[in-house]
Amino acid sequence: MNSQTTQAQADTTRSTRSALILPLALRSIETDWSFGLAGSFTFRLSKADTAARTSNLQALALYSVRRQFISVLNGATYFPGERYILNHQLSYSYFPDKFWGLGKLTPDSNEENYIFRQYYIYLHLQRRLVGKLFAGLLYEYQRLLKIDYLAGGLFDRQDVTGRYSYAVSGLGASLTYDTRNNAFASDRGTLMQISFNNFLPALGSDFRYTNVVLDLRKFIPLHRRQVLALQAYGYFTAGEVPLRSLASLGGATNMRGYYDGRYRDKNQLVFQSEYRVPLFWRLGAVVFANAGNVAGRLDELNLHNVKYSYGGGLRFALNKTERLNIRVDYGIGQGTSRGFYFQLGEAF
């Protein structure tokens, strides 16, 4: 699961509270198979408040066949009248991972194993300005407890910032325009969000840097409940950026078909498209195509050695009212990059 905003659509005809707890088996290129428990709790702070969307809280604990452990608690709380929205994510990870070096030209033969242990906190409070326009304040904290890596390998040869234990702490702001009818699986609406975050020693950060994140999504309803979903995502940093805060291309939500972190650098730009088709009962199908790249400098973020991926998958609705889906995708990238994903929730 990642730190992207999770929301649920308001519906005055449904119960104000619902809970779903289930054993879960997931798969991704990074983890192979993982097993654990997932919980989803939806609620409304005021039964009489029909202006606010449904709030939600999700919990996930997974252990993989590669001895990786992930625990996450995240959600979104919509206050009365939707004057305020609080998004949050808390997580702990013990994660044997892979590293190919920095930049967009790293060869497959560079692959090295390493292990990190990390705590992560993300808080994002938004206030409605007018209509569907929100201004927000955000706080992010990351504590990298330990990294085990090959001495004299890529981390040392490239002098990678953040290859030792560290903490980063940053404050920032956001501006969001959101007309999506459902953020679990929207079939219409637009999301436009820009945010920046400053990580400073005065806030307890071991490194000084800034990141800017741009997330643009459009959901276009088509014939017979078919949907064209589009996303442009940019992640841009400046300063002394540590390893786990670099742009990372790949994963279950970003350029499916590539290992998450197959390409890392200070900046990233990705374009994603997905065509969603309902089949019957609780089943649906998708096809997707993506393109993106990473670069150390903004002027190098171009079509030179651009990365692409494509694929398809099936959907099963666990909760038809909230449109919470289990998805099975197969993504194909360039070279040997490809693999299955068995995940909870849509990619975007």
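Residues numbered from 1 in each chain as written. Predicted model: local features only at pLDDT ≥ 70, side-chain atom pairs only at ≥ 80, totals over all residues. Heavy atoms only, no water.

(A) Structural view of the overall build of the chain. Summing up its helical and strand segments, the chain has one helix and 18 strands in all. Here the C-alpha radius of gyration of the chain, 20 Å, is about what a compact globule of 348 residues would show, namely 20 Å. The principal-axis extents of the C-alpha atoms in the chain amount to approximately 60 × 45 × 40 Å. Taking all 348 residues of the chain together, 50% fall into the buried category. (Helix = DSSP H or I, 4+ residues; strand = E, 2+ residues; numbered from the N terminus. Rg over C-alpha atoms; globule rule 2.2 N^0.38 Å. Buried < 20%, exposed > 50% of the residue type's maximum accessible area, 1.4 Å probe, protein only.)

(B) Structural context of the pairing of strand 10 (residues 209–221). Two strands pair when backbone bridges link them, and strand 9 (residues 189–199) and strand 10 are joined in this way by eleven bridges, in the antiparallel orientation. Paired with Q193 across the strands is D215, a residue of strand 10. Looking at chain direction, strand 10 and strand 11 (residues 227–239) are connected through 13 bridges and run antiparallel. Looking across to strand 11, one finds that V213 is bridged to Y235. (Pairing = 2+ DSSP bridges.)

(C) Summary view of the side chain of S93. For S93, the position within the fold is in strand 5 (residues 84–99). Classification of S93 as buried rests on a relative accessible area of 10%. Residues within four places of S93 in sequence aside, it is in contact with F69, I70, F116, R117 and Q118. (Contact = heavy atoms within 4.5 Å.)

(D) Fine view of the pattern of salt bridges. Tallied over the entire structure, the rule returns 20 salt bridges. Ionic pairing is found between D215 and R217, a salt bridge with its closest N-O pair at 2.8 Å. A salt bridge links R327 to D329; its shortest N-O distance comes to 3.0 Å. Assigned by exposure class, R327 and D329 land together as buried. (Salt bridge = Lys/Arg side-chain N within 4 Å of Asp/Glu carboxyl O.)

(E) Molecular detail of the packing of aromatic side chains. As enumerated under the stated definition, the model contains 18 aromatic pairs in all. Ring geometry for F41 and F43: centres 5.3 Å apart, planes at 20°, overall stacked. With 5.3 Å between their ring centres and 65° between their planes, W100 and Y259 make a pair best called edge-to-face. Of this pair, W100 sits in the loop between strand 5 and strand 6 (112–130) while Y259 sits in the loop between strand 12 (247–249) and strand 13 (263–265), placing them 159 residues apart in sequence. Of the residues examined, Y259 reaches a relative accessible area of 7% and is grouped as buried. Every member of this aromatic cluster is reached through a ring pair, and the members are F95, F99, Y114, F116, Y149 and F155. Here the basic side chain of R262 rests over the ring of Y263, its NZ or CZ set 4.4 Å away from the ring centre. Over the aromatic face of Y263 sits the side chain of K307, whose NZ or CZ is 4.6 Å from the ring centroid. (Phe/Tyr/Trp six-rings, centres within 6.5 Å; stacked < 30°, edge-to-face > 60°. Lys NZ or Arg CZ within 6 Å of the ring centre and 35° of its normal.)

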